[in-house]
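# An overview of the molecular structure
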Amino acid sequence: MILVIAGATCREALRSRSFLGLLAFYAVGVLLARVVGWISATDGDLVTTDLVLSLQALVGVLVAVATGTALVHSEIKQRTLYTVLSRPIARWRFVLGKYLGLAGALAAGQAAMLALGLLWLAATGAPLHGALLLAGLLTAVEVLVMAAVALCWTALTSPLLAAALGLATYALGHAVATLPGMLPYLGGWRMTLAAVGASLIPNLGRFAYRNDAVHGVPLPLAELGLTLVYGGLWIALLVAITVAVYRRKQL
Amino acid sequence: MSGRGLGVAILVLAGAATAWNAQGLIGHERAVRAKNLDFLPSPAVARVLACGHPNSASRLRWIDAFAYFQFQLDRKDDTVAGGASGFERLYDMLIGLDPRFEPFYQHASLCLGGVAGRHQAELAYLQRGTFHIPTATALWRTTAAVLVTHYHWDRDQTANLGLLLAAWADAERDDGAKTAVWQWQAQLARRRAPGLEEIPYWLDQLRTTSPGSAMGDFVEGILREQIARYGIEILTGVANGRRAAGEPVATIADLLDPPRLAALRMNPQLGPVVGDAGSPRLSDPFGHSYAWRDGVVISPGLELRAFVKAVRGADQRLQTLARERGGWPEDLAGVSAHGVTLPALPAGAAILYRNRHLLAELPKPSHPPLTLR
């Protein structure tokens, strides 16, 4: 049953206007990234590669938040949710199916964006290397974590607020990555408070290998494995919270 | 309204909007743009604001700052609110966002050393560059060139220069590059002709710029200025030699005197004599023939360059006055009436007034200018 829900959700997400619209936006952005590379006085290839990888992450996160927050809400609005829930199906199966479907669509989108981005870079003469593929993979994991964040916020608030909170979590998640360098400026209980607060937010900086990949800095295999486990841990936690909220929610 | 009518209306409106946009984007003349760097976040805050995209944020901020470089080339004062250096604030932020992007250090070197003349600050950035990117050959070469050209390490600090070159050679990855370090030192010694001491430093800076860019034009201009002055010095030496021997100098062609040029140890690549051995001629690096005027050697290219700088200065004064008074003059006559003194015109040059800016129009050189790239 989970796979049936996931399949239907994936198809629905792939057909949604916001998904396709943002993919089109990515394609235009990638074309324009080369123009920025031309404007750059030197190292235009590096500049273009940076922008292409950033666009993949930014558009991916926007797709995840836009689609993730609308997913369950549209089911409630169109009353299709009641058809599903009237069947003998546990709510955790429904939520998990929804997340897996969304994750499948986002993963397909990320793969398409990465392929398009790398093809465009190759076509315009920018050097390609394996690190860029790894950077694309970790960006995709970042997007999947953000999809779980969006789903979790949707369970707790309205879709509009969930989208705003999702984007705020993205900004905070990256701010957390810069915190270790700034924490020593705080002392005593303030430092502890900041550290505890930051620990409650997924550290999205772990997935930003793209900033090193463009310079060809290798990613140790152990580090890659740990990052994937870290992403999986947060996804599991956020989906579990979403399940807990929907189990108690009067729909 | 029918569906077809609406479609046509959308097409017409889209065409008008696109044409309007394109009009503002295409066919612009390059004009000096003022840019202020008073409000740049600190490197730590910038990293937070970059939201996981420090590389892209630094590239976009860097490209946006190009207008500031052009502004600085004319103003040469990067002081920002609070008395800090705008260049240093900019490069601290950019390097804080991505310390592995070599052009940041190259630009810092060019702007702080080349434009602002602050070579100690320039060396500080170069040192940070070689620390973060030890294999950046260009940064090592520029460091060595600064220390030799501006601090005379080849004369006063030979042991330390040796240590620096050894560290550079150590950092290079392949044997060819390691050997090139010592070749660089040998090449430097050969170029130490009086008046050409700074040429290796500026040639290094030229490599970090792209042709046609504001910075590229700036560095090429400095190189041509120095080479032209060297040419004047050489030709004046020939003229003095002839006068001392009782030989008259009536025209510039009289200074095309191979024995005396050889006696002065003229640099064959950068000296004032160009063309093949069969038909040598005297040409400044701007492509204009040197002139003999009132008993003095003149480089018309150098005169024209001074004229261009004077016109840019007049344009800056015009922009300031016009903003203060809230209006621009209608034509060139109105510019003088506005209180802006226009520079004297060299032979064949003119001043144009277009799009509220003063522009210098120069005569075409008689020969191809010296190739620097």
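Refer to the structure presented above.
The rules behind each value
Residues numbered from 1 in each chain as written. Chains lettered and ligands numbered in written order. Predicted model: local features only at pLDDT ≥ 70, side-chain atom pairs only at ≥ 80, totals over all residues. Heavy atoms only, no water. Helix = DSSP H or I, 4+ residues; strand = E, 2+ residues; numbered from the N terminus. Axes fitted to C-alpha atoms, helices over the stretch in contact; angles between N-to-C directions. Parallel < 35°, antiparallel > 145°, perpendicular 65-115°, else oblique. Left-handed = near helix turned anticlockwise from the far one by under 90°. Contact = heavy atoms within 4.5 Å. Nonpolar A, V, L, I, M, F, W, Y, C, P; charged D, E, K, R; others polar. Phe/Tyr/Trp six-rings, centres within 6.5 Å; stacked < 30°, edge-to-face > 60°. Buried < 20%, exposed > 50% of the residue type's maximum accessible area, 1.4 Å probe, protein only.

### A few points about the environment of Ala 147 of chain A
When you line up the elements, Ala 147 of chain A lands in helix H6 (residues 130–156). Along the primary structure Ala 147 of chain A and Ala 175 of chain A are separated by 28 residues, whereas in three dimensions their C-alpha atoms are 19 Å apart.

### Side note on the packing of helix H12 (residues 199–207) of chain B against helix H13 (residues 214–244) of chain B
Residue and element names in this part refer to chain B. Where H12 contacts H13, the two axes come as close as 9 Å, and the packing angle between them is 160°. With respect to H13, the element H12 is oriented roughly antiparallel. As for the relative orientation of H12 and H13, their crossing is left-handed in sense. On the side of H12, the interface is formed by Ile 199, Trp 202, Leu 203, Gln 205 and Leu 206, while H13 contributes Gly 216, Phe 218, Val 219, Glu 220, Ile 222, Leu 223, Gln 226 and Ile 227. The class makeup of the residues in the contact of H12 with H13 is nine nonpolar, three polar and one charged.

### Re the packing of aromatic side chains
Counted by the stated rule, this structure contains seven aromatic pairs over all chains. Measuring from ring centre to ring centre gives 6.1 Å for Phe 207 of chain A and Tyr 230 of chain A, while their planes differ by 40°; the resulting arrangement is tilted. A residue pair is termed long-range when its members are at least 10 positions apart, and Phe 207 of chain A in the loop between helix H8 (188–199) and helix H9 (210–213) and Tyr 230 of chain A in helix H10 (residues 221–248) qualify at 23 residues. Pair check on accessibility: Phe 207 of chain A and Tyr 230 of chain A agree, each one buried. Measuring from centroid to centroid gives 5.6 Å for Trp 62 of chain B and Phe 101 of chain B, while their planes differ by 85°, and the two rings are edge-to-face. Of the two residues, Trp 62 of chain B sits in helix H3 (residues 54–64) while Phe 101 of chain B sits in the loop between helix H5 (86–97) and helix H6 (102–115), which places them 39 residues apart along the sequence.

### Topic: the packing of helix H7 (residues 119–132) of chain B against helix H8 (residues 137–151) of chain B
All names here are of chain B. The geometry of H7 relative to H8 is characterised by a closest axis approach of 9 Å and an angle of 155° between their N-to-C directions. As the angle between them shows, H7 and H8 are arranged roughly antiparallel. Along this stretch, H7 crosses H8, giving a crossing that reads as left-handed. Taking contact as the criterion, the partners of His 119, Gln 120, Glu 122, Leu 123, Leu 126, Gly 129 and Thr 130 in H7 are, on H8, Leu 139, Trp 140, Thr 142, Thr 143, Val 146, Leu 147, His 150 and Tyr 151. A class-by-class count of the residues in the contact of H7 with H8 yields seven nonpolar, seven polar and one charged.

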